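In case you want the letters, here they are:
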Amino acid sequence: MTTRRELDCLRAVYEISSSGTAARLVDAATYLSVKPPTAFVMLDRLVRDGLLEKRGSDYVLTDEGRRQAEEVITAHRVVETLLYRAGFSPNEACVQARKFDTSIPYEVVRKLYDFLGKPSQCPHGKRIACRGEFFV
Ligand SMILES: [Zn+2]
């Protein structure tokens, strides 16, 4: 069972690597607003759990790590869309969604997604789409 902190850490690696740069310790620490030794403990645990691989000084998502990161990001975008429609600005919706998007069961995200009419984008214009059982 991956903890909320670990999911945040996986999200950090996912977001950093999808911007085209390798995810290193310092980048993950900056993204998570923690000190590098704290980030190291989290990253190291994810490597032991098989969710990340360490290649030199870069952290790379394994298939399972990527799947879990994508679930969190989907949860984030769905909740953000809900909050935006409820009246929050896109940025407020983002900040609020970050407080609990790692705690929402996948079935709830899926229901919300259907309830919202299967939105294709979050309020920032990032993609939300179905992909088999999971949607990213
Ligand atoms: Zn956001």
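Small disclaimer: the values here were computed from a predicted structure and weren't measured.

The subject of this paragraph is the overall build of the chain. Looking only at helices and strands, the chain features 6 helices and 4 strands. Counting from the amino terminus, the chain carries its helices and strands in the arrangement α-α-α-β-β-α-α-α-β-β. Here the C-alpha radius of gyration of the chain, 15 Å, is about what a compact globule of 136 residues would show, namely 14 Å. Considered along the principal axes of its C-alpha atoms, the chain spans approximately 45 × 30 × 25 Å.

What follows covers the nonpolar core. By size, the foremost hydrophobic cluster in this structure holds 30 residues, and its most contacted members are C9, L10, V13, A28, L43, L46 and L52. Three or more residues apiece are contributed to this core by two domains, here domain 1 (4-61) and domain 2 (70-135). Dropping the residues within four chain positions of it, L46 is found in contact with E6, C9, L10, L51, L52 and G65.

Close contact between helix α1 (residues 4-18) and helix α3 (residues 36-48) brings their axes to 10 Å; oriented N to C, the two are set at 90°. As the angle between them shows, α1 and α3 are arranged roughly perpendicular. On the side of α1, the interface is formed by R5, E6, C9 and L10, while α3 contributes M42, L43, R45 and L46. A per-class count over the contact of α1 with α3 returns 5 nonpolar, no polar and 3 charged.

All of the buried residues in helix α2 (residues 25-32) are D27, A28 and A29. At its buried positions, α2 is contacted by α1, α3 and β2 (58-61). Looking at the residues trailing α2, positive phi occurs at S33, about 55°.

Cut-off values and rules
Residues numbered from 1 in each chain as written. Predicted model: local features only at pLDDT ≥ 70, side-chain atom pairs only at ≥ 80, totals over all residues. Helix = DSSP H or I, 4+ residues; strand = E, 2+ residues; numbered from the N terminus. Rg over C-alpha atoms; globule rule 2.2 N^0.38 Å. Core = buried A, V, L, I, M, F, W, Y, C linked by C-beta atoms within 7 Å. Buried ≥ 20, exposed ≤ 12 C-beta atoms within 10 Å, placed from the backbone. Domains from an automatic or database assignment. Contact = placed C-beta atoms within 7 Å. Axes fitted to C-alpha atoms, helices over the stretch in contact; angles between N-to-C directions. Parallel < 35°, antiparallel > 145°, perpendicular 65-115°, else oblique. Nonpolar A, V, L, I, M, F, W, Y, C, P; charged D, E, K, R; others polar.

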